[in-house]
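Chain by chain, the residues:
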Amino acid sequence: MQNEYLPFINCVENVVLGSFVYRRKYPQWKTCFEKLKLEAKPVTDCYESLELLYAAETQALQPPQICAMGCC
């Protein structure tokens, strides 16, 4: 039995490898929802909440994180 999420994971990996690494266009991974006819809201809500959580943890680091070349 194939896991129902594997096609989505495969799509995201292919889009990210094909765009982010070479063109720095990370948000294109969201096109996988349309390609596979999946509802985006549950995943994007989770992603955004984790992004906020990690941003808060990074800002609270002691000593503070030093940004280099605009990476943070």
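First, a word on scope: everything that follows refers to the structure included in this document. As a convention, each chain's residues are numbered from 1 in the sequence order in which they are written. Only residues with pLDDT of 70 or above have their local features reported here, since the model is predicted, and side-chain atom pairs are shown and tallied only from 80 upward, although totals for entire chains, interfaces and linings are computed over all residues. Each side-chain value is worked out from all heavy atoms of the structure, with water and hydrogens disregarded.

1. Some thoughts on the packing of aromatic side chains
- The aromatic pairing rule takes the rings of Phe, Tyr and Trp, using the six-membered ring of Trp, and pairs them if the centres are within 6.5 Å, calling planes under 30 degrees apart stacked, those over 60 edge-to-face and the rest tilted. On inspection of all chains with the given rule, the structure shows 1 aromatic pair.
- Here Phe-8 and Phe-33 contribute two aromatic rings whose centre-to-centre distance is 4.8 Å and whose plane-to-plane angle is 35°, an arrangement assigned as tilted. Taken together, the positions of Phe-8 in helix α1 (residues 6-23) and Phe-33 in helix α2 (residues 31-36) put the pair 25 residues apart, joining distant regions of the chain. Here the two residues Phe-8 and Phe-33 agree in accessibility, since each one is buried. Here a strand is any run of E in DSSP of at least two residues, a helix any run of H or I of at least four, and the numbering for each starts at the N terminus. Only protein chains enter the accessibility calculation, which uses a 1.4 Å probe; a residue whose area is less than 20% of its type maximum is buried, one above 50% is exposed, and one in between is partly exposed.

2. A look at the pattern of salt bridges
- Note on definitions: salt bridges are taken to be side-chain nitrogens of Lys or Arg within 4 Å of carboxyl oxygens of Asp or Glu. Throughout the structure, instances matching the rule amount to 1 salt bridge.
- Among the ionic pairs, Lys-41 bridges to Asp-45, the shortest N-O distance being 2.8 Å. Of this pair, Lys-41 and Asp-45 are both found in helix α3 (residues 41-59), 4 residues apart, which corresponds to roughly one turn of the helix.
- Take Asp-45: its relative accessible area is 35%, and that puts it in the partly exposed class.

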